[in-house]
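# Understanding the architecture of this molecule
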Amino acid sequence: MTKKIMILPGDGIGPEIVAQARRVLDAVNTHDDLQLEFIGELIGGASIDVHGEPLTDAAVARARECDAILLGAVGGPKWDTIDRAIRPERGLLKIRSSLGLYANLRPALLYPQLVEASSLKPEVVSGLDILIVRELTGGIYFGEPRGIRTLENGEREGYNTYKYSESEIERIGRTAFEMARKRSKKVCSVDKANVLEATILWREVMDRLAPEYPDVELSHMYVDNAAMQLVRAPKQFDVLVTGNMFGDILSDAAAMLTGSIGMLPSASLDKDGRGMYEPCHGSAPDIAGQGIANPLATILSVSMMLRYSLGLTKSADAIDAAVGVVLDQGLRTADIYTPGTTKVGTCEMGDAVLAALYQA
Ligand code: IPM
Ligand code: MG
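Parameters at a glance
Residues numbered from 1 in each chain as written. Chains lettered and ligands numbered in written order. Predicted model: local features only at pLDDT ≥ 70, side-chain atom pairs only at ≥ 80, totals over all residues. Heavy atoms only, no water. Helix = DSSP H or I, 4+ residues; strand = E, 2+ residues; numbered from the N terminus. Rg over C-alpha atoms; globule rule 2.2 N^0.38 Å. Buried < 20%, exposed > 50% of the residue type's maximum accessible area, 1.4 Å probe, protein only. Contact = heavy atoms within 4.5 Å. Areas by Shrake-Rupley, 256 points an atom, 1.4 Å probe, with all protein chains shown as cover. Lys, Arg positive; Asp, Glu negative; His and termini not counted. Charge placed at Lys NZ, Arg CZ, Asp CG, Glu CD. Phe/Tyr/Trp six-rings, centres within 6.5 Å; stacked < 30°, edge-to-face > 60°. Lys NZ or Arg CZ within 6 Å of the ring centre and 35° of its normal. Near = heavy atom within 4 Å. Polar contact = N/O pair within 3.5 Å; in protein donor to acceptor, adjacent residues only side chain to side chain. Nonpolar A, V, L, I, M, F, W, Y, C, P; charged D, E, K, R; others polar. Domains from an automatic or database assignment. Pairing = 2+ DSSP bridges. Axes fitted to C-alpha atoms, helices over the stretch in contact; angles between N-to-C directions. Buried area = accessible area lost by both parts, 1.4 Å probe. Salt bridge = Lys/Arg side-chain N within 4 Å of Asp/Glu carboxyl O. Expected span 1.5 Å × (residues − 1).

What the protein contains, in helices and strands, is 12 helices and 14 strands. Whereas a compact globule of 360 residues would reach a radius of gyration of roughly 21 Å, the protein reaches 20 Å, a difference of no more than 12%. Projected onto its principal axes, the C-alpha coordinates of the protein cover approximately 60 × 50 × 45 Å. Counting the 360 residues in the protein, one finds 54% classified as buried. Taking the intrachain contacts of the protein between residues at least 6 apart in sequence as the baseline, contacts between residues at least 24 apart amount to 74%. As displayed, the protein has an accessible area near 15,100 Å², and 52% of this comes from carbon and sulfur atoms. Averaging the positions of the 37 positive and the 48 negative side-chain charges in the protein gives two centres separated by 1 Å.

As a further point, take the packing of aromatic side chains. For the coordinates displayed, the defined rule picks out four aromatic pairs. Seen from their ring centres, Tyr-162 and Tyr-164 are 6.0 Å apart, and the 70° between their planes marks the pair as edge-to-face. The ring centre of Tyr-159 lies 3.6 Å from the NZ or CZ of Arg-149, which sits over that ring.

If you check the shell around ligand 1, you find Glu-89, Leu-92, Arg-96, Arg-106, Arg-134, Tyr-141 and Asp-248 and nothing else. Arg-134 places a side-chain nitrogen or oxygen 2.8 Å from an oxygen atom of ligand 1. Contacts to ligand 1 include Tyr-141, whose side-chain N or O atom sits 2.6 Å from an oxygen atom. With the chains in place, 78% of the 320 Å² that ligand 1 exposes on its own is no longer accessible. For the shell around ligand 1, the element with the highest residue contribution is helix H4 (residues 88-98), accounting for three residues. Its residues assigned to classes, the shell around ligand 1 comprises two nonpolar, no polar and five charged. In this structure, the shell around ligand 1 is formed jointly by two domains, domain 1 (1-102 + 271-360) and domain 2 (108-269), each of which donates at least three residues.

Read across the sheet, 10 strands follow the order S2-S1-S3-S12-S11-S4-S5-S10-S8-S9 without closing on themselves; strand pairing throughout is mixed. Of all the strands in the sheet, the pair left with one neighbour each is strand S2 (36-40) and strand S9 (217-222). Taking each pair of neighbouring strands and ignoring which way they run, the sheet shows an average axis angle of 25°. Pairing analysis gives six bridges linking strand S8 (residues 186-191) to S9, with the strands arranged parallel. Bridging across to S9, Asp-191 finds its partner in Tyr-222.

Reports often express the size of an interface as the amount of accessible area lost when the parts come together. Partitioning the protein into structural domains gives domain 1 (1-102 + 271-360) and domain 2 (108-269). Here the C-alpha centroids of domain 1 and domain 2 sit 23 Å apart. With 34 residues of domain 1 at the contact, the number on the domain 2 side is 29 residues. With both sides pooled, the region where domain 1 packs onto domain 2 buries about 2,800 Å², and carbon together with sulfur makes up 64% of that total. It is Arg-96, Tyr-102 and Cys-280 in domain 1 that bury the most area against domain 2; as a group they hold 26% of the surface buried on that side. On inspection of domain 1 and its partner domain 2, the count reaches zero salt bridges. At the junction of domain 1 with domain 2, the criterion picks out 11 residue pairs in polar contact (both at pLDDT 80 or more). Of all the secondary structure elements, the ones that give two or more residues to the side of domain 1 that touches domain 2 are H4, strand S12 (275-279), helix H10 (296-308) and helix H11 (313-328). With six residues, H10 is the largest single contributor of residues to the side of domain 1 that touches domain 2. Classifying every residue of the side of domain 1 that touches domain 2 gives 15 nonpolar, 10 polar and nine charged.

To continue, consider H4. The set of residues buried in H4 consists of Pro-88, Gly-91, Leu-92, Leu-93, Ile-95 and Arg-96. Backbone geometry just downstream of H4 places Gly-100 in the positive-phi region, at approximately 65°.

It is worth spelling out H10 at this point. An ideal rise of 1.5 Å per residue puts 18 Å on 13 residues; H10 measures up with 18 Å between its terminal C-alpha atoms. Counting buried residues in H10 gives 11 out of 13 residues, a clear majority hidden from the surface.

Another aspect to go through is the environment of Ser-268. With respect to the element layout, Ser-268 can be found in strand S11 (residues 265-269). Each C-alpha atom of the pair Ser-268 and Glu-217 lies 24 Å from the other, and the pair is 51 residues apart in sequence. In this structure, Ser-268 is in contact with Leu-101, Ala-103, Asn-104, Leu-136, Arg-274, Gly-275, Met-276 and Glu-278, ignoring residues within four places of it in sequence. Of note is the side chain of Ser-268, whose polar atom sits 3.2 Å from the side chain of Asn-104.

So this is what it looks like as structure tokens:
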């Protein structure tokens with residue numbers, strides 16, 4: 001049976017990195033006879049330029065018909081000054097929320113070949129393998145009321161609402177416990193329960209779930225401490241589960257432990273495991289169009305797509321292995337370059353992964 005994949009290249013380096021990921025996807029599609037079909041759509045600034053909005057309802061409707069989505073990145077200076085209601089990022093938030101993609105999995109895995117590229121000492125990060133489970137469709141990103149209003153004294157005030165319902169907390173909590181079961185069986189739930197009511201409830205719900213997963217050890221940590229522990233002793237963590245905003249911040253920090261955010265894929269899943277796959281990094285407008293961006297996070301996102309939404313483990317393993325081979329060959333894009341390795345561009349990195357596929 002054919003499976004439909006939506007491709008959303010987006011802005012900045014998005015189209016360049018997605019092009020390489022697409023070549024890899026085409027190769028496994030042919031080699032493993034996966035019967036994947038592709039449809040392209042616009043998102044972010046690219047959609048604003050054509051449709052005047054960052055994601056059309058028609059695009060969302062088409063996305064609903066797909067088995068999985070591959071996204072590049074959105075945003076850039078060209079659209080920084082437009083009305084905030086139609087900023088490129090709103091397209092991303094709209095697709096996450098319209099499709100109910102509440103479970104964002106961000107694995108921070110340090111490839112042994114890149115231990116020198118990390119800004120932390122090798123002994124602190126070698127062997128690092130963390131999974132950040134970020135709630136993606138709630139919290140302060142979506143809470144109402146929100147806005148910028150003018151007070152009686154004429155001063156303006158910006159405001160947002162941080163809220164989580166029990167059911168929202170419970171479903172992401174279950175994702176974290178279930179993921180931990182397949183890993184080292186430890187969940188650390190990150191909150192700010194010493195200050196924020198929304199996260200007092202968060203902690204309560206996590207504690208309530210814990211007895212249902214007696215094989216998994218649950219701990220709690222305040223987000224400020226978690227940020228510190230991530231750069232002090234990151235290997236203490238296995239699965240970290242947290243809300244939307246804390247997850248956004250902590251996952252960037254965790255990314256750098258692995259050498260570069262250019263290496264980090266992500267999956268955003270709905271309740272049935274259908275999902276959208278994208279690199280954790282942004283559109284990097286400063287290097288867009290130069291052919292130097294690292295396509296590996298996007299290529300690894302393809303592997304996550306095959307694994308989590310399509311159940312094609314063998315093809316996913318082949319991609320992961322190919323990435324290992326190119327790193328062994330010493331090939332590095334600028335973001336992961338260290339002296340003694342060979343610097344390559346976006347397309348050359350794609351060429352190398354293709355060459356390594358099924359040769360390994
Ligand atoms: C991410 C990004 C997005 C987020 C932006 C682009 C809206 O930083 O996926 O981490 O904050 O979720
Ligand atoms: Mg982010």
